[in-house]
Every structure is written in C-alpha cells, then in structure tokens.
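# Geometric and topological summary
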Amino acid sequence: LQMMPHPGPASTMTWHMSFPLQTFNFSGDDWFGYQAQTIAAEHGYSHSLAQIFSPSGQLLATSQQTIAIFD
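Source: prediction; values computed, not measured.

## Digging into the overall build of the chain
Across its full length, the chain carries 0 helices and 4 strands. Moving toward the C terminus, one meets the helices and strands of the chain in the order β-β-β-β. Whereas a compact globule of 71 residues would reach a radius of gyration of roughly 11 Å, the chain reaches 15 Å, over 25% beyond that. Considered along the principal axes of its C-alpha atoms, the chain spans approximately 40 × 20 × 15 Å. Per-residue burial over the chain gives 15% buried out of 71 residues. Restricting to contacts in the chain with at least 6 residues of sequence separation, those with at least 24 account for 47%. Surface exposure of the chain reaches about 5700 Å², of which carbon and sulfur atoms provide 56%.

## Thoughts on a nonpolar patch on the surface
Together, Trp-15, Met-17 and Phe-19 make up a nonpolar patch on the protein surface, roughly 360 Å² of accessible area in all. Residue classification places Met-17 among the partly exposed residues on the basis of a relative accessible area of 30%.

## Some remarks on the sheet that holds strand 1 (residues 10–18)
Read across the sheet, 4 strands follow the order 1-4-3-2 without closing on themselves; strand pairing throughout is antiparallel. Pairing within the sheet leaves two strands with one partner each, and these edge strands are strand 1 and strand 2 (33–42). Going across the sheet, the axis of each strand differs from the next one's by a mean of 20°, ignoring polarity. Bridge count for strand 3 (residues 45–53) against strand 4 (residues 59–69) is 9 bridges, and the pairing is antiparallel. By the bridge assignment, Phe-53 is partnered in strand 4 with Leu-59.

## Here we look at the layout of surface pockets
There is about 450 Å³ of room inside the largest pocket. What lines the largest pocket is a set of 24 residues, among which Leu-1, Gln-2, Thr-38, Ser-46 and Ile-67 lie closest to the centre. Listing elements by their share of the lining of the largest pocket, those giving two or more residues are strand 1, strand 2, strand 3 and strand 4. Its residues placed into classes, the lining of the largest pocket shows 14 nonpolar, 9 polar and 1 charged.

Parameters at a glance
Residues numbered from 1 in each chain as written. Predicted model: local features only at pLDDT ≥ 70, side-chain atom pairs only at ≥ 80, totals over all residues. Heavy atoms only, no water. Helix = DSSP H or I, 4+ residues; strand = E, 2+ residues; numbered from the N terminus. Rg over C-alpha atoms; globule rule 2.2 N^0.38 Å. Buried < 20%, exposed > 50% of the residue type's maximum accessible area, 1.4 Å probe, protein only. Contact = heavy atoms within 4.5 Å. Areas by Shrake-Rupley, 256 points an atom, 1.4 Å probe, with all protein chains shown as cover. Patch = residues over 30% accessible without salt bridge, like charges linked within 9 Å, V, L, I, M, F, W, Y side chains within 5 Å. Salt bridge = Lys/Arg side-chain N within 4 Å of Asp/Glu carboxyl O. Pairing = 2+ DSSP bridges. Axes fitted to C-alpha atoms, helices over the stretch in contact; angles between N-to-C directions. 1 Å grid on protein atoms, 1.4 Å probe; cavity = no way out; pocket = protein on both sides within 12 Å on 5 of 7 lines; lining within 4 Å. Points joined across faces, edges and corners; volume = space filled by probe spheres on them. Nonpolar A, V, L, I, M, F, W, Y, C, P; charged D, E, K, R; others polar.

Here it is in structure tokens:
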C-alpha cells in the first residue's frame, strides 16, 4: 500500500493473532512497540508478520496477515 501512487482499495484476506501472555497490566498512557516485516509482496498480494511489545520490551502479541490490493 505504501508504494501505490494513489489511494486504492485493499482488504485483509487472512489475519491470525497470538497472545503468548495470559494477562498483562497496562494503563492508557503506556506506549507499545510495533514491528512489522513484509515477507513477500507481488501481483497485488502481501504477507506480513508483526510483533507488539510492552513498554518494557516484553512480547505481547504476534500477527500474521495476508493483504490483497484491488487496483
């Protein structure tokens, strides 16, 4: 999507999230880390992996997503 020359329609085809911790205490003022990597992207399809980290750097969630661009 970042490489498109103009805004266009896109949709998540599959999305899977995992939460390795049972509980985690946080406040509305906390900042979280988000790191994403595009594994493959070609012909309007993209597969991404992402991690979300607590303010102390502890892994809170992982995400796998397949995205389609309709342009």
